[in-house]
Amino acid sequence: MSLSDFALPFLRCLNPETAHNLTLKALKMGFGPKEFSGDDRILHTRVWDLNFPNPVGLSAGFDKNAEVIDPMLETGLGFVEVGSITPRPQPGNPKPRIFRLPKDGAVINRLGFNNKGIDYAAHNLSRHRNGIVGVNLGKNKDSEDAAEDYAKGTLKLAPYAGYLVINVSSPNTPGLRALQGKDDLIVLVEAVKGARASVCPDRKPPILVKIAPDLTDADVQDIVAVAQTTDVDGLIVSNTTIARPDSLKEQDKAGETGGLSGLPVFGPSTEMLRQVYQLTEGNIPLIGVGGIASGHDAYLKIRAGASLVQLYTALIYHGPSLIPRIKRELAEFLRRDGFASIMEAVGADHREGA
Ligand SMILES: Cc1cc2nc3c(=O)[nH]c(=O)nc-3n(C[C@H](O)[C@H](O)[C@H](O)COP(=O)(O)O)c2cc1C
């Protein structure tokens, strides 16, 4: 158990946003746990010509301003995604705007892209050296031209990005999720590709689109069609959900507006991942995210079609010692089922008809 795990019960007494800000401070001061042992060979994986020491990453929202990349990588994560970052700084929605649902292993947030903008993020990213960092882009709430915002983010941040994410799936920016529609999405992807070409003529960071778990089958088919015709490099499945399953135990908090994350999202996001893998016939790498809290959960996402996985909410409840545990368990499941690598296990359910 690390120092940070001892801090968990204390952090849980604080309101979630204060706890998060304290955690960021502690990480910046070097109080984060450090996993020095190298990763098990079976966990090494290669996606988009990038070598990942392991497939377990931090999903967007934890490090919105790219302030704790190295301390988070030192916890043993295989990669970190920063953001969502908007061109101009913005305060986000009024507080309180994060709610814990401990009995459900879940969180509801309506932060609304609170972040310090692309200039501040660029400064932080420019100081970072080792490890893979994804940069998740958003649009300002009051911006009229979404494509221009994503292009601005790309122009400023693509030079530092291992990969770029067009986030069109957060439920807390009015109109954002409508950008998942076919016509809008094509415009966004082309704008980001154009901006990338002008700042990264040689090394092209892959472009990913992050989608919501609340889409209809027809929406998902449209997104996959756009991804294929515009040569999107990857999809992240999924963001938080606006749905409120009847099974939620914390009914008093279920009524809070915002995106629900954590255990209740595992089922729907994994089913959508499976569907996207089928539609893309495994030709576009997918990042599986939503409700991962164990090595088994990560393994199920990989078998359903994820080349990489990410998590956030489970870290709030279990702390950073969860990361080595997930990796250890994942390696055990791979070996148990006779896989020699992550790559062999990606999409295994589809091949075995399981
Ligand atoms: C407090 C909070 C803030 C988040 N902020 C963002 C964000 O800025 N951009 C984004 O793409 N996703 C954001 N997410 C969504 C996560 O990246 C992830 O897709 C989702 O929470 C499901 O994963 P999980 O169940 O492991 O948390 C946020 C999630 C939480 C809980």
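Note on numbering: residues in each chain are counted from 1, in written sequence order. Per-residue local features of the predicted model are confined to residues with pLDDT of at least 70, and side-chain atom pairs are confined, for both listing and counting, to 80 or more; whole-chain, interface and lining totals are unaffected and use all residues. To obtain the side-chain values, all non-hydrogen atoms of the structure were included, while hydrogens and water were left out.

Caption draft 1: Examining the layout of surface pockets more closely. Counted as a void, the second largest pocket has a volume near 340 Å³. The distinction between a cavity and a pocket rests on a 1 Å grid over the protein atoms alone: a 1.4 Å probe fits inside a cavity but cannot get out, while a pocket stays open yet meets protein on both sides within 12 Å along at least five of seven lines, and a residue with an atom within 4 Å of a point counts as lining. What lines the second largest pocket is a set of 18 residues, and nearest its centre among them are Pro53, Leu73, Glu74, Gly76 and Leu77. A class-by-class count of the residues in the lining of the second largest pocket yields five nonpolar, seven polar and six charged. Grid points are joined across faces, edges and corners, and a volume is the space filled by probe spheres set on the points. By the convention adopted, Pro, Cys, Tyr, Trp, Phe, Met, Ile, Leu, Val and Ala count as nonpolar, Lys, Arg, Asp and Glu as charged, and the other residues, Gly among them, as polar.

Caption draft 2: Structural context of helix 7 (residues 217-229). Over its 13 residues, helix 7 runs 18 Å from end to end, which matches the ideal 18 Å to within 8%, given 1.5 Å per residue. For each residue, the accessible area found with a 1.4 Å probe, counting protein chains only, is set against the maximum for its type, and the residue is called buried under 20%, exposed over 50%, and partly exposed in between. Numbering of helices and strands starts at the N terminus; helices are DSSP runs of H or I of at least 4 residues and strands are runs of E of at least 2. Residues Val220, Ile223, Val224, Val226 and Ala227 constitute the buried set of helix 7. Looking down the long axis of helix 7, one finds its buried residues gathered within 160° of arc, a one-sided arrangement. Where helix 7 is buried, its residues meet helix 6 (182-199), strand 9 (207-211), strand 10 (234-237) and helix 9 (263-280). Looking one or two places after helix 7, you find aspartate 231, whose phi comes out positive at around 60°. What a helix should span is 1.5 Å times the count of its residues minus one. Comment: arc refers to directions from the helix axis out to C-beta atoms. Note on definitions: a residue-residue contact is assigned when non-hydrogen atoms from the two residues lie within 4.5 Å.

Caption draft 3: Spotlight on the site of the ligand. Residues are labelled near a given molecule or strand when at least one of their non-hydrogen atoms is within 4 Å of it. Ala60, Ser84, Gly262, Gly291 and Thr313 are the nearest of the 22 residues found near the ligand. The separation between an oxygen atom of the ligand and a polar main-chain atom of alanine 60 is 2.7 Å. Glycine 262 places a polar main-chain atom, nitrogen or oxygen, 2.8 Å from an oxygen atom of the ligand. For the ligand, the accessible surface in isolation is 610 Å², of which the surrounding protein chains cover 98%. Among the secondary structure elements, those contributing two or more residues to the shell around the ligand are strand 4 (79-85) and strand 11 (259-262). Per-class residue counts for the shell around the ligand are five nonpolar, 15 polar and two charged. Counting of polar contacts relies on pairs of N or O atoms within 3.5 Å, with two restrictions inside protein: one atom must be capable of donating a hydrogen and the other of accepting it, and residues adjacent in sequence are counted only when both atoms are side-chain atoms. Areas reported as accessible are Shrake-Rupley estimates using a 1.4 Å probe. Residue values count occlusion only from the protein chains shown.

Caption draft 4: How the structure looks around the sheet that holds strand 11. If you trace the three strands from one edge of the open sheet to the other, you get 5-6-11, paired in antiparallel fashion. In this open sheet, the two strands that pair with only one neighbour each are strand 5 (98-101) and strand 11. Geometrically, the sheet is characterised by an average inter-axis angle of 20° between neighbouring strands, direction not taken into account. Strand pairing is assigned whenever DSSP identifies at least 2 bridges connecting the two strands. Bridge analysis of strand 6 (residues 106-109) against strand 11 gives four bridges, and the strand direction is antiparallel. Its bridge partner lying in strand 11, valine 107 is registered against serine 261. Helix axes are fitted to C-alpha atoms over the stretch in contact, other axes to C-alpha atoms as well, and angles between N-to-C directions run from 0 to 180 degrees. The strands touched by helix 9 are strand 6 and strand 11; relative to strand 11, the strand with the most contacts, the crossing angle is about 95°.

Caption draft 5: Local environment of the side chain of serine 238. Secondary-structure assignment places serine 238 in the loop between strand 10 and helix 8 (251-254). Given a relative accessible area of 3%, serine 238 falls into the buried group.

Caption draft 6: Examining the pairing of strand 7 (residues 132-137) more closely. Burial analysis of strand 7 places six of its six residues in the buried class, the great majority of the element. Burial along strand 7 is two-sided: the residues Ile132, Gly134 and Asn136 and Val133, Val135 and Leu137 are all buried. By the bridge criterion, four bridges tie strand 7 to strand 8 (residues 163-167) in an arrangement that is parallel. Its bridge partner being in strand 8, asparagine 136 is matched across the sheet by valine 165.

Caption draft 7: Structural context of the environment of leucine 179. Mapped onto the elements, leucine 179 comes out in the loop between strand 8 and helix 6. Taking the C-alpha atoms as reference points, leucine 179 and serine 169, ten residues apart in sequence, are found 8.3 Å from one another. When near neighbours in sequence (up to four residues on either side) are disregarded, leucine 179 contacts Lys139, Ala146, Tyr150, Val168, Asp184, Leu185 and Leu188.

Caption draft 8: Summary view of unusual backbone geometry. Cis geometry is found at the peptide bond from glycine 83 to serine 84, where omega equals 10°. The omega torsion across lysine 95 and proline 96 is 0°, close enough to zero to call that bond cis. Relative to the helices and strands, proline 96 resides in the loop between strand 4 and strand 5. The phi angle at aspartate 49 is positive, at roughly 65°, despite the residue not being glycine.

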